[in-house]
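As a plain string of letters, each chain reads:
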Amino acid sequence: MRGVGRMRVQEEHQVNPVEDEVLALTAVVRPILKGVLYALKADVVAEVGGYEQVKLKMLPRLYRQGDGDCGICFEYAVHEAMNQGDARVHERILDAAKLCNIPGSDPQSILFGLEKSGAQQLIATADDVLTEDSHLMYGKRGRPVKLKKHLNTIAGAFRNRRTRPALPHSIRGLWKTDLFIGLGSSDRWAATSVKINPNHLEGAEGLRIGIVPTRSGRSDAVRKDDGKNLVICPLHHDGDFMQMFYEGWRVVQAFIDADARIPKEVMLPGPVEREVARILTERREFPVVDVVEAIAAFSQRGLLETKDTQPQAQTLRGGAQTELFIAPVSRTD
């Protein structure tokens with residue numbers, strides 16, 4: 001039985017070029033701090049009087065980082081770039097689709113959110129995107145599978161190994177899907193794996209595309225990997241907003257690891273990162289929500305534009321635990 005839940009999606013759009021590194025990094029750290037705050041378990045937060053009462057110095061005691069926190073942000077950033085028409089991502093995806101022999105144009109994405117609880121959700125209701133004629137191209141001879149009728153079985157296969165044989169053999173690995181990428185003009189779709197760490201990319205029955213960051217010293221070409229039976233689609237990020245987002249992520253994680261104080265120089269050797277950590281340390285006695293608001297004065301105005309939405313989400317045979325995604329979206333010009 002399907003349940004309908006609510007999830008907050010926080011997009012951070014880069015709307016202006018970087019003018020000062022400290023100001024720009026401070027602007028990126030603000031939403032990351034907010035995301036860390038709202039990632040805290042509600043019952044734990046209730047013990048201290050609610051989210052508004054959590055002081056910055058409490059984060060090291062209350063926050064428990066999940067292995068997939070950063071990866072989820074990357075998945076959502078790719079998903080949003082697809083649906084927002086980012087030409088840099090569209091061009092790479094269209095090249096991958098050609099190698100998969102998938103016709104059409106106008107790429108779009110459905111995000112399969114793999115959550116800490118083991119539940120799966122579709123961000124952007126599948127019923128509004130898929131049609132009865134939406135076919136999944138799985139890369140082998142045979143008739144394409146109708147995607148819509150298998151969604152609940154795919155979700156069940158993720159949660160319970162014993163249900164996986166219920167999927168047709170040709171798509172038995174679809175429970176590993178992160179995104180379904182479709183070409184709207186043909187209504188053909190490809191199951192896609194998105195990994196922040198390319199070493200974690202694995203092939204599976206039914207998966208066709210693997211999206212990863214470009215690796216230094218490796219080819220950035222969209223290419224076939226016969227060993228994984230995937231088309232590898234590397235996305236560039238050097239010198240772009242994603243790089244700054246990761247720098248902000250590291251600052252916040254190092255700050256928390258240092259008990260909400262300036263980390264050792266070996267943790268944050270860069271003067272820019274240490275200056276931002278110093279700004280936070282000076283305010284460790286104040287509630288996180290107040291600090292986020294206060295340091296806006298020290299961040300580059302107009303670098304980011306925040307869009308906080310609550311999209312419709314279908315829970316497929318599972319309950320949702322994750323309530324907030326932070327999605328960095330860089331400028332496209």
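Residues numbered from 1 in each chain as written. Predicted model: local features only at pLDDT ≥ 70, side-chain atom pairs only at ≥ 80, totals over all residues. Heavy atoms only, no water.

Undergrad: Hey, could you run me through the overall build of the protein chain in this one?
TA: A count of helices and strands for the protein chain gives ten helices and 14 strands. Within the protein chain, the proportion of its 333 residues that are buried is 52%. Of all intrachain contacts in the protein chain linking residues separated by at least 6 positions in sequence, the fraction that spans at least 24 positions is 67%. Total accessible area on the protein chain stands at roughly 15,800 Å², and carbon and sulfur atoms take up 47% of it. (Helix = DSSP H or I, 4+ residues; strand = E, 2+ residues; numbered from the N terminus. Buried < 20%, exposed > 50% of the residue type's maximum accessible area, 1.4 Å probe, protein only. Contact = heavy atoms within 4.5 Å. Areas by Shrake-Rupley, 256 points an atom, 1.4 Å probe, with all protein chains shown as cover.)

Undergrad: I would appreciate a short explanation of unusual backbone geometry in the present structure.
TA: Although it is not a glycine, Asn229 sits at a positive phi angle of roughly 55 degrees. Mapped onto the elements, Asn229 comes out in the loop between strand E10 (223-225) and strand E11 (230-235). At Asp259, a position not held by glycine, the phi torsion is positive, near 60 degrees.

Undergrad: Help me understand the environment of Arg284 in this model?
TA: Mapping Arg284 onto the fold places it in the loop between helix H9 (271-281) and helix H10 (288-294). Remark: the alpha-carbon pair of Arg284 and Arg261, spanning 23 residues in sequence, is separated by 7.7 Å. Arg284 has contacts with Lys55, Leu56, Lys57, Asp259, Ala260 and Arg261, leaving out every residue within four places of it along the chain. Looking at Arg284, its side chain comes within polar contact range of the main-chain oxygen of Ala260, at 2.9 Å. (Polar contact = N/O pair within 3.5 Å; in protein donor to acceptor, adjacent residues only side chain to side chain.)

Undergrad: Got a minute to help me understand the nonpolar core in this structure?
TA: Counting residues in hydrophobic clusters, the biggest one holds 36 residues, and the most contacted among them are Val29, Leu33, Leu40, Val54, Leu56, Leu59 and Leu280. Of all the secondary-structure elements, those providing two or more residues to this core are helix H1 (21-38), helix H3 (59-62), helix H8 (241-257), H9 and H10. Here Leu33 is in contact with Leu56, Leu59, Val252, Leu280, Val288 and Val292, once residues within four sequence places are set aside. Counting 22 residues, the second largest nonpolar core, distinct from the first, contains Leu151, Ile154, Trp189 and Val212. (Core = buried A, V, L, I, M, F, W, Y, C linked by side-chain atoms within 4.5 Å.)

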